[in-house]
Amino acid sequence: MESVESQIAEWRAYVASAPAVNGHDVDELEDHLRHQIAELTEAGLTPDEGFLIAVKRMGHLDALSREFAREHSGRLWKQLVLAADDEPVRSASGWLEAFAFAAAAAVAIQVARLAAGFPDEEPTWFARNLGLFVLPFLAAYFARQRQLDLRGWVLTAAPFAVAALVVNLYPYDADSDTEILVALHLPVVLWFVIAYPYMGGTIRSHERRMDFVRFTGEWFIYYVLIALGGGVLMALTAGILEPAGVDVDRIAEWVLPSGAAGAVIVAAWLVESKQRVVENMAPVLSMLFTPLFALMLAVATVVYAVTGLGGAFDRDLLSVLDALLVVVLGLVLYGLSAREPSTSPGWMDRIQLVAVASALVLDVMVLGAMIARIGDLGFTPNRTAALGLNLVLLVNLAGAAWLSARFLIGRVRFHRLERWQTTYLPVFALWAATVVVVLPPLFGFS
Amino acid sequence: VHIDKDLVAASATPLVLAILADGESYGYAILKRVRALSEGELEWTDGMLYPLLHRLRRLGYVTTEWRAPPEGRRRQYYKLTDDGRAALADQQRQWVAVTRALNDVWPGSGGLLRAVREV
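Residues numbered from 1 in each chain as written. Chains lettered and ligands numbered in written order. Predicted model: local features only at pLDDT ≥ 70, side-chain atom pairs only at ≥ 80, totals over all residues. Heavy atoms only, no water.

Chemist: Residue-level account of the overall build of chain B, with values.
Modeler: In terms of helices and strands, chain B carries five helices and three strands. Along chain B, helices and strands appear, N-terminal first, in the series α-β-α-α-β-β-α-α. In chain B, which comprises 119 residues, the proportion classed as buried is 40%. Of all intrachain contacts in chain B linking residues separated by at least 6 positions in sequence, the fraction that spans at least 24 positions is 47%. For chain B, the accessible surface area stands at approximately 6,900 Å², while carbon and sulfur atoms represent 54% of it. (Helix = DSSP H or I, 4+ residues; strand = E, 2+ residues; numbered from the N terminus. Buried < 20%, exposed > 50% of the residue type's maximum accessible area, 1.4 Å probe, protein only. Contact = heavy atoms within 4.5 Å. Areas by Shrake-Rupley, 256 points an atom, 1.4 Å probe, with all protein chains shown as cover.)

The structure is reproduced here in structure tokens:
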């Protein structure tokens, strides 16, 4: 019996080392194994023989681990899921390809910058097309990584071509508001376009959509880290070279745009290849900031409700609140995607409900103020874009609040919350696309 | 008869749901029941049962609970929910439709339809 116990322990350690299998799963599998051994021993086999047969019946660990990964894609949502059956998960040349695309993006932005004469001149086409200089490279990087076929490449490229045409053929007025709105919304639209190659074309899959949400959050974290490091590097470089009489501003002109563009792809590559690092960090960050934002939102809501400022939001405050609502939604979405779906409601879910409910009340107040303003002064491009964004947010937050309240009292499964958000994602993309495509002609490109 | 592995995979969900419809159970017991029901002809890899059960849990078809029987080890019990019952009913309709269609094109195998009607 002694030797079987040690064999089971070894087997257990081996199974536990599989990336997508967690401690509870191992307990469950071990229980199964022991049952099987016990039954086989009763039938007359020795424990050793029973162990061998039971392990054999359990199945090949690679196949088993892949099955677990497919189901618990959140635990390890890319490596195993996206790798084909027996090909190595990542070849050694992975970083080379990422850096090639990053370099291409860096060169593209530099060419555009020189053509625009930035920063001495600031032609509006430069700002308007900014996303188009960088994000196609990210899309191409994913299209290659996911080994898309010709149709996939065409479907990836088409939205970029359409966007480039729309953005550049529209005759914007000088100092046009709609042009600024396009510059703000186009990167959002293009980011959603990247979802297509990222998901390897399976955009209908709700699981892959959640993966994309998770990717977006983790990409953002990496990007901020790179930007911080880059900032420190630039500051030190300036400190060292300035006394030597070097014109640091000239250097920054060259390094900053290229660095910012290249970092977009490097951050994506880091999310993909250094998954474990960010996987440990991101839930901690969201656990840290969700309560803080919830507290801040709850306080703000109470203050506005009590002091009756509800009717007198001015324009600056409106845009701050809009930004705040978007950030909260981002946190909530990321929190959802990082959560283990099978666990029962806990205190984080309650805090998230507080955040969502406060955001909902704030959104209603913002909408009220906005409708009053539009009633007084009529529609402008900015007001229309803001009104649309708030309505889109309102519906999302209302649905999220309703479902998470029902989840907390045990009436619906967590699965429904995820579904609501993943089903809603295209609405955000559609609204941003509407602002880029429909709004400018609607307001005569003013 | 050797049963194709796609067919084994497709029948796994309705089988597990149907077994749980008789009352809550745990992994090993479910697997033993599958073996008994199919008289050993459905070849399951034991481990694969668990990802399947976890998927059913995520979809809300089953609830789970860890319990330690007085004499034994801690183990996870699976229990069918109302959603799970609905899913089972839906699966049954689909399988009846499939078997009926197969029966129509295979006139000789009258026994198949009789077997389905008894369900």
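Now that the structure has been shown, we can carry on.
Chemist: Give a description of empty space enclosed by the protein that names residues and reports values.
Modeler: Residues and elements named next belong to chain A. For the structure shown, the criterion picks out three cavities of 30 Å³ or more. Lining the largest cavity are Val332, Leu336, Gln352, Val356, Ala400, Leu403, Ser404, Leu417, Trp420 and Gln421. Secondary structure elements with two or more residues in the lining of the largest cavity: helix H14 (315-338), helix H15 (347-377), helix H16 (381-408) and helix H17 (414-437). Residue composition of the lining of the largest cavity, by class: seven nonpolar, three polar and no charged. Taken as a whole, the second largest cavity spans an internal volume of roughly 50 Å³. In terms of lining residues, the second largest cavity is bounded by Leu336, Arg339, Asp349, Gln352, Ser404, Phe407, Leu408, Phe414 and Leu417. Those elements that provide at least two residues to the lining of the second largest cavity are H15, H16 and H17. Among the elements that line the lining of the second largest cavity, the one with the most residues is H16, at three residues. (1 Å grid on protein atoms, 1.4 Å probe; cavity = no way out; pocket = protein on both sides within 12 Å on 5 of 7 lines; lining within 4 Å. Points joined across faces, edges and corners; volume = space filled by probe spheres on them. Nonpolar A, V, L, I, M, F, W, Y, C, P; charged D, E, K, R; others polar.)

Chemist: With reference to specific residues and values, describe the sheet that holds strand E3 (residues 75-80) of chain B.
Modeler: Here three strands make up an open sheet; going across it, the order is E1-E3-E2 (chain B) and the pairing antiparallel. Only two strands of the sheet have a single partner each, and these edge strands are strand E1 (25-26) and strand E2 (62-67) of chain B. Relative to E3(B), E1(B) runs antiparallel, the two sharing two bridges. Note that in E3(B) the partner of B:Ser25 across the bridge is B:Tyr78. Here helix H2 (residues 23-42) of chain A sits on the sheet in contact with E1, E2 and E3 of chain B, set at roughly 95 degrees to E3(B). (Pairing = 2+ DSSP bridges. Axes fitted to C-alpha atoms, helices over the stretch in contact; angles between N-to-C directions.)

Chemist: An account of helix H4 (residues 82-105) of chain B is requested, with residue identities and associated values reported.
Modeler: Given 3.6 residues per turn, any residue in an α-helix points the same way as the ones three and four places further on. Relative to the 34 Å expected for 24 residues at 1.5 Å per residue, H4(B) spans 35 Å between its end C-alpha atoms, a close match to the ideal helical length. Looking only at H4(B), the buried set comprises B:Gly84, B:Ala87, B:Leu88, B:Gln91, B:Thr99 and B:Asn103. (Expected span 1.5 Å × (residues − 1).)

Chemist: I'd like to hear about the pairing of E3(B), residue by residue, with values.
Modeler: All names here are of chain B. For E3, a buried count of five out of six residues is recorded, marking the element as mostly surrounded by other parts of the structure. In the sheet, E2 pairs with E3 via six bridges, with the strands oriented antiparallel. Bridge pairing links arginine 67 to arginine 75 in E3.

Chemist: Provide a residue-level description of a nonpolar patch on the surface, including the pertinent values.
Modeler: Judged by side-chain polarity, A:Phe220, A:Val224, A:Leu225 and A:Leu228 come together as a nonpolar surface patch covering roughly 370 Å² of accessible area. Mapped onto the elements of the fold, A:Val224 is located in helix H11 (residues 206-241). (Patch = residues over 30% accessible without salt bridge, like charges linked within 9 Å, V, L, I, M, F, W, Y side chains within 5 Å. Salt bridge = Lys/Arg side-chain N within 4 Å of Asp/Glu carboxyl O.)

Chemist: Describe the confidence of the model for chain A, with residues and values.
Modeler: Taken as a whole, chain A shows an average pLDDT of 83; of its residues, 91% reach a score of 70 or greater. Predicted confidence is poor over residues 76-92 of chain A, with pLDDT under 50, and the contacts of this stretch with residues over four places away or in other chains come to 35 contacts. (pLDDT = per-residue confidence, 0-100.)

Chemist: Which residues make up the side chain of B:Arg58, and what are the values?
Modeler: By the secondary structure assignment, B:Arg58 is in helix H3 (residues 49-58). According to the relative accessible area criterion, B:Arg58 is buried, its value standing at 16%. Beyond its immediate sequence surroundings of up to four residues, B:Arg58 is in contact with A:Glu71, A:Glu207 and A:His415.

Chemist: If you had to explain the environment of A:Leu353 to someone new, which residues and values would you point to?
Modeler: All names here are of chain A. As for its position among the elements, leucine 353 is in helix H15. Exposure remark for leucine 353: the relative accessible area of 19% places this residue in the buried category. C-alpha of leucine 353 to C-alpha of leucine 397: the two residues are 44 residues apart in sequence and 10.0 Å apart in space.

Chemist: An account of the side chain of B:Gln76 is requested, with residue identities and associated values reported.
Modeler: With respect to the helices and strands, B:Gln76 occurs in strand E3. Of note is the side chain of B:Gln76, whose polar atom sits 3.1 Å from the side chain of B:Trp66. Side-chain polar atoms of B:Gln76 contact the side chain of B:Tyr78, separated by 3.2 Å. Leave out the neighbours within four places in its chain, and B:Gln76 touches A:Glu28, B:Ser25, B:Tyr26, B:Gly27, B:His54, B:Arg57, B:Thr64, B:Glu65 and B:Trp66. (Polar contact = N/O pair within 3.5 Å; in protein donor to acceptor, adjacent residues only side chain to side chain.)

Chemist: Got a sec to walk through the packing of helix H1 (residues 5-21) of chain B against H4(B)? Specific residues and values, please.
Modeler: All names here are of chain B. Viewed as axis vectors pointing N to C, H1 and H4 meet at an angle of 135 degrees, and their least axial separation amounts to 9 Å. Judged by the angle between their axes, H1 and H4 are oblique. Regarding H1 and H4, the two cross each other, and that crossing is left-handed. Each of Leu7, Ala10, Ser11, Thr13, Pro14, Leu17, Ala18 and Ala21 in H1 lies in contact with H4, whose residues at this interface are Gly84, Arg85, Ala87, Leu88, Gln91 and Trp95. Among the residues making up the contact of H1 with H4, the classes are represented as nine nonpolar, four polar and one charged. (Parallel < 35°, antiparallel > 145°, perpendicular 65-115°, else oblique. Left-handed = near helix turned anticlockwise from the far one by under 90°.)

Chemist: Pulling in residues and values, what's your account of the interface of chain B and chain A?
Modeler: With 26 residues of chain B in contact, the opposing surface of chain A contributes 25 residues. Surface buried jointly by chain B and chain A totals about 2,500 Å² across both partners, of which 54% is contributed by carbon and sulfur atoms. Its largest share of buried area at the contact with chain A, chain B owes to B:Tyr28, B:Arg58 and B:Arg73, together 28% of the area lost on that side. Scanning the region where chain B abuts chain A turns up three salt bridges. As a salt-bridge pair, B:Arg75 and A:Asp31 come within 3.1 Å of each other at their nearest N and O atoms. (Buried area = accessible area lost by both parts, 1.4 Å probe.)

Chemist: Can you break down the environment of A:Thr423 residue by residue, with the values?
Modeler: All names here are of chain A. Among the secondary structure elements, threonine 423 is positioned in helix H17. Given a relative accessible area of 44%, threonine 423 falls into the partly exposed group. On a C-alpha basis, the gap between threonine 423 and serine 205 in space is 9.8 Å, while along the polypeptide they are 218 residues apart. With sequence-adjacent residues up to four places away left out, threonine 423 is seen in contact with His206 and Arg209.

Chemist: Before we move on, can you summarise H3(B) with the specific residues and values?
Modeler: Residue and element names in this part refer to chain B. For H3, the buried fraction is high: nine of the ten residues fall into the buried class. For H3, the set of buried residues is Leu49, Tyr50, Pro51, Leu52, Leu53, His54, Leu56, Arg57 and Arg58. Of the residues one or two after H3, glycine 60 is the one with positive phi, at around 85 degrees.

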